[in-house]
Amino acid sequence: MIVVKVGGSAGIDYDAVCADLAQLWHSGKKLILVHGGSGETNRVAGLLGHPPRFITSPSGYTSRFTDRQTLEIFEMVYCGKINKGIVERLQRLGVNAVGLSGLDGRIFEGKHKDSVRSVENGKVKVLRGDHTGTVEKVNTQLIELLLGAGYLPVLTPPAASYEGVAINVDGDRAAAALAVAMKAEAMLLLSNVPGLLRDFPDEASLIRSIPAADVESYLEFAQDRMKKKVLGAAEAVAGGVGRVIFGDARAGQPISAALAGAGTVVQ
Ligand code: ADP
């Protein structure tokens, strides 16, 4: 079982990812795809007159402030446009894909964080009305049912809170929780960079390998949202996933290349 997470940044080639995924699926590999949609969500939110608001926590993590309207736009793009676009591509390639959010069947479950701390002009502010959280529990029954019947699950945030409220969760960490729960042999985090770069954005500074016991010490190289990937990788390997690979989804055969050792391998 391999969990593939493909991001939502500009430059990601979903056609290339789906073609590669389909080929591996037809060769008998068990796969689950998790995807993001941040770039497109920002664009659509702007068009709808509700541009994204990003906040930085006191510990330096950047996230989207998700009020109710943002959550609804987020769902339109992630669960609608991006999810169905991927499912359609896979269906055209002869893969019987089923697209679901973490809310469906409570696949991804976690605690709703209504208020969030944000650093603005050097001061810490508390913002309320946030629909975010972290995946704490993965309910695998529905996924196992689908895989057992020959369907390829295509999953996306949001998750369900314990009260059943939709919450925006980080896709990389959701994929990590899924990989642990499914006892995946590998998890791929594909984005628009060759892997973790020691000196971002210099692509020649690619870090080729990271020892599993040492992942968190590499957080210093990651800026912004790349930090969540490093954190997700640490959580996955700590939870028993054999290896995590940060790979490039801009062209070629992103999944096969990563499995063959391209990108940054955490093992
Ligand atoms: P996605 O939505 O595709 O999963 P994110 O935007 O969440 O991707 O994270 C990937 C981004 O992280 C890259 O596009 C890059 O701009 C940024 N980044 C920050 N630091 C690094 C680094 N050290 N190595 C690679 N990418 C980095």
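Residues numbered from 1 in each chain as written. Predicted model: local features only at pLDDT ≥ 70, side-chain atom pairs only at ≥ 80, totals over all residues. Heavy atoms only, no water.

Per an unreviewed UniProt entry, the chain carries the name [LysW]-aminoadipate kinase and comes from Deinococcus rubellus. The Catalytic activity (unreviewed entry) comment attached to the chain in UniProt states, word for word, "[amino-group carrier protein]-C-terminal-N-(1,4-dicarboxybutan-1-yl)-L-glutamine + ATP = [amino-group carrier protein]-C-terminal-N-(1-carboxy-5-phosphooxy-5-oxopentan-1-yl)-L-glutamine + ADP". In its Sequence similarities (unreviewed entry) section, the UniProt entry covering the chain states "Belongs to the acetylglutamate kinase family. LysZ subfamily." (UniProt positions renumbered as here; feature names shortened; annotations may be inferred.)

Chemist: I'm lost on the UniProt feature "site: Transition state stabilizer" (unreviewed entry) in the chain in this one. Help?
Modeler: As annotated in UniProt, the feature "site: Transition state stabilizer" (unreviewed entry) corresponds to Lys5 and Lys229 in the numbering used here. Separation in sequence by 225 residues is not matched in space for these annotated residues, since their most distant C-alpha atoms are only 10.2 Å apart. Residues from the annotated list that form part of the lining of the largest pocket: Lys5 and Lys229. Mapped onto the elements of the fold, Lys5 is located in strand S1 (residues 2-6). Along the polypeptide, Lys229 turns up in helix H6 (residues 226-238). In this structure Lys229 touches Lys5, Asp172, Leu189, Ser191 and Phe246, once residues within four positions along its chain are discounted. Only 3.2 Å separates the side chain of Lys229 from the side chain of Asp172, close enough to count as a polar contact. (1 Å grid on protein atoms, 1.4 Å probe; cavity = no way out; pocket = protein on both sides within 12 Å on 5 of 7 lines; lining within 4 Å. Helix = DSSP H or I, 4+ residues; strand = E, 2+ residues; numbered from the N terminus. Contact = heavy atoms within 4.5 Å. Polar contact = N/O pair within 3.5 Å; in protein donor to acceptor, adjacent residues only side chain to side chain.)

Chemist: Quick question: what am I supposed to make of the sheet that holds strand S6 (residues 108-113) here?
Modeler: Whether parallel or antiparallel, the strands of a sheet pair through hydrogen bonds between backbone atoms. Judged by pairing direction, the sheet is mixed, and its four strands sit side by side in the order S9-S6-S11-S12 without closing on themselves. Two strands close off the open sheet at either side, each with one partner strand: strand S9 (132-138) and strand S12 (166-167). Where strand S11 (residues 159-161) lies against S12, two bridges are found, and the strand directions are antiparallel. Counted as the bridge partner of Ala160 is Ala166 from S12. In the packing of helix H5 (residues 171-181) onto the sheet, contacts are made with S6 and S9, and the angle to S9 comes to roughly 10 degrees. (Pairing = 2+ DSSP bridges. Axes fitted to C-alpha atoms, helices over the stretch in contact; angles between N-to-C directions.)

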